[in-house]
Amino acid sequence: MAVRAVRGAVQLEQDEAGHMDEQVGALLTAILERNDLTPDDLISIWFTATPDLHSDFPAAAARKLGIVDVPLICAQELDIAGAMPRVVRVLAHIESDRSRADIAHVYLGAAAALRKDIAQ
């Protein structure tokens, strides 16, 4: 079994805790489903949020999904002029038999524009 990394992102419509839970939960669920993963396959998850998001920690959505014994950390994205607003990004470290080329990176909604080269 190899250690792999899965990327993902979602743009929120508003900075509201319930909306963040819903959207980050959908992103994590899609990452797990598209890569045939269970929470036991997760090693750790890094979350970043753009500086305009203040309502909650993105990691809280993972805990609400039942991802409770995986190390999670949140950080703030760089504040770059012209960057897409209200974006939560994910970098999940996983154990998987998939090759790097077979990892499904997930960019939901408008966030797909961030990485057209790897978005599924």
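Everything that follows concerns the structure shown earlier in this document.
Below, the structure is looked at part by part. (Residues numbered from 1 in each chain as written. Predicted model: local features only at pLDDT ≥ 70, side-chain atom pairs only at ≥ 80, totals over all residues. Heavy atoms only, no water.)

On to the overall build of the protein chain, then. In terms of regular secondary structure, the protein chain is built from two helices and five strands. Taken from N to C terminus, the helices and strands of the protein chain fall in the order β-α-β-α-β-β-β. In terms of C-alpha radius of gyration, the protein chain reaches 14 Å, essentially the compact-globule figure of 14 Å for 120 residues. In terms of its C-alpha atoms, the protein chain occupies a principal-axis envelope of roughly 40 × 30 × 20 Å. Taken across its 120 residues, the protein chain has 41% of its residues classed as buried. (Helix = DSSP H or I, 4+ residues; strand = E, 2+ residues; numbered from the N terminus. Rg over C-alpha atoms; globule rule 2.2 N^0.38 Å. Buried < 20%, exposed > 50% of the residue type's maximum accessible area, 1.4 Å probe, protein only.)

Spatially, the five strands line up as an open sheet ordered S3-S2-S4-S1-S5, and their pairing is mixed. Two strands in the sheet have a free side with no partner beyond their single neighbour: strand S3 (72-76) and strand S5 (106-108). Pairwise comparison of adjacent strand axes, ignoring direction, gives a mean angle of 15° for this sheet. Pairing of strand S2 (residues 42-49) with strand S4 (residues 87-96), which is carried by seven bridges, proceeds in the antiparallel orientation. Within the sheet, the bridge partner assigned to Ser44 lies in S4 and is His93. (Pairing = 2+ DSSP bridges. Axes fitted to C-alpha atoms, helices over the stretch in contact; angles between N-to-C directions.)

On to the pairing of strand S1 (residues 2-11). Pairing geometry for S1 and S4, over 10 bridges, is antiparallel. From the neighbouring strand, Val3 faces S4, where its bridge partner is Glu95. Of the pairings in the sheet, the one linking S1 to S5 comprises three bridges and is parallel in character. By the bridge assignment for S5, Val10 is matched with Leu108.

Now for a negative patch on the surface. A contiguous patch of negative charge on the surface is contributed by Asp15, Glu16, Asp52 and Asp79. Along the chain, Asp15 falls in the loop between S1 and helix H1 (17-34). For Asp15, a relative accessible area of 31% puts it in the partly exposed group. (Patch = residues over 30% accessible without salt bridge, like charges linked within 9 Å, V, L, I, M, F, W, Y side chains within 5 Å. Areas by Shrake-Rupley, 256 points an atom, 1.4 Å probe, with all protein chains shown as cover. Salt bridge = Lys/Arg side-chain N within 4 Å of Asp/Glu carboxyl O. Lys, Arg positive; Asp, Glu negative; His and termini not counted. Charge placed at Lys NZ, Arg CZ, Asp CG, Glu CD.)

Right, let's talk about the nonpolar core for a bit. One finds Ile45, Phe47, Val88 and Val90 to be the most contacted residues of the largest nonpolar core, which totals 29 residues. When residues of this core are assigned to their parent elements, the largest contribution, seven residues, is made by H1. Once residues within four sequence positions are removed from consideration, Phe47 is found in contact with Val24, Leu28, Pro58, Ala59, Ala62, Leu72, Ile73, Cys74, Ala75, Val88, Arg89 and Val90. (Core = buried A, V, L, I, M, F, W, Y, C linked by side-chain atoms within 4.5 Å. Contact = heavy atoms within 4.5 Å.)

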